[in-house]
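Now for the letters of each chain:
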Amino acid sequence: DNVGTYSNFKAYCKKNKLEPVGRGQSKGGTTRYETEPGDVALCDWKEDVHMINKNGSEYIVNIFHLELKFSRYSYLELTLSKEQPVVFKCMINAFSYFGGIPNRIIFDNMSTVIDTSVRPKRVNHKFEQFSKDFNFIVTACKARHAYTKGSNEARNKIIDWLRAYNEEFETFEDLQNKIETINSKMNISNCQGTGMSPSLLFFNEKEYLHPLPPQPVIDN
């Protein structure tokens, strides 16, 4: 059924006694980090994943991952590089996929985003300008913080699913198609942290995302 707005969604959950794990203790006793819809996303890489195609050729690939923390709705993109222009492209593709931009994005100490060689850590100048153009706040990920648990679970799931395609693809384009399949599967499968499908929760979260900037800004 269409439960409509977030307030209606909360009433629906209360009426049906649906209580996602979070804002306290999970069943395993580990605190999970929960947020309001549209507030936070977590961005990281699955780096240097070695894949073998049907002909025995090796591909070393990276997987860009942006996840909305409220719904766990994800965007995945396969890349051969982690350079900053690639990060910009992946971010814009993710925002287009979501149809909007969250208020804050937490980055897992990516060198193209966070300068970790200084104390305190600071955002790279070019990326800071990018974040201003797209109207989101950049935050560096804290090691062993509660929000990293869900990220690690997702990372392991993605890599496990991808490695199932070892020797089952021929070209880089084939592997890209596999990533799109994994992305779709992640977004419709019930999430361990919430007990619900990310797609269902995203239906209520998307109205809280900021709109993308005008096309000339994106093109720049």
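The structure this text deals with has already been given above.
Presented here is an overview of the structure given in this document. Note that residues are indexed from 1 along each chain, following the sequence as it is written. Per-residue local features are limited, in this predicted model, to residues with pLDDT of at least 70; the limit for side-chain atom pairs, both in listing and counting, is 80 or more; totals at the level of whole chains, interfaces and linings are taken over all residues. The side-chain values count all of the structure's non-hydrogen atoms but skip hydrogen atoms and water molecules.

## A closer look at the packing of aromatic side chains
Note on ring pairs: Phe, Tyr and Trp rings are taken, using the six-membered ring of Trp, and paired if centres are within 6.5 Å. Classes follow the plane angle, with under 30 degrees stacked, over 60 edge-to-face and the rest tilted. A full pass over the atoms with the stated rule returns 18 aromatic pairs. With a centroid separation of 6.4 Å and 65° between ring planes, the pair formed by Phe64 and Tyr75 is classed as edge-to-face. Here Phe64, found in strand E2 (residues 58–68), pairs with Tyr75, found in strand E3 (residues 74–79); they are eleven residues apart in sequence, far enough to count as distant. By relative accessible area, Phe64 is classed as buried at 0%. Accessibility here uses a 1.4 Å probe with only protein chains present; expressed as a share of the type maximum, an area under 20% marks a residue as buried, one over 50% as exposed, and anything in between as partly exposed. Given a relative accessible area of 11%, Tyr75 falls into the buried group. Look at Phe88 and Phe130: their rings are 4.6 Å apart centre to centre, the planes differ by 15°, and that puts the pair in the stacked class. You can see Phe88 sitting in helix H2 (residues 84–98) and its partner Phe130 sitting in helix H3 (residues 125–134), a full 42 residues away along the chain. Grouping residues by exposure puts Phe88 and Phe130 together as buried. A connected cluster of aromatic rings, assembled from ring pairs, spans Trp45, Phe64, Tyr73, Tyr75, Tyr97, Phe98 and Phe202. Directly above the aromatic system of Trp161 lies the positively charged group of Lys185, at a separation of 4.4 Å from the ring centroid. A run of DSSP states H or I qualifies as a helix once it reaches four residues; a run of E qualifies as a strand once it reaches two. Both are numbered from the N-terminal end. Whether a charge sits over a ring depends on NZ of Lys or CZ of Arg being within 6 Å of the ring centre and within 35 degrees of the ring normal.

## Focus: the pattern of salt bridges
Salt bridges are defined by distance alone: a side-chain nitrogen of Lys or Arg within 4 Å of a carboxyl oxygen of Asp or Glu. In the structure shown here, the tally under the stated rule is five salt bridges. Between Asp44 and Lys46 there is a salt bridge, and its shortest N-O distance comes to 2.8 Å. Taking relative accessible area as the criterion, Asp44 reaches 2% and is therefore assigned buried. Two residues, Glu77 and Lys89, come together in a salt bridge whose shortest N-O distance is 2.4 Å.

None of this, on its own, says anything about what the molecule does.
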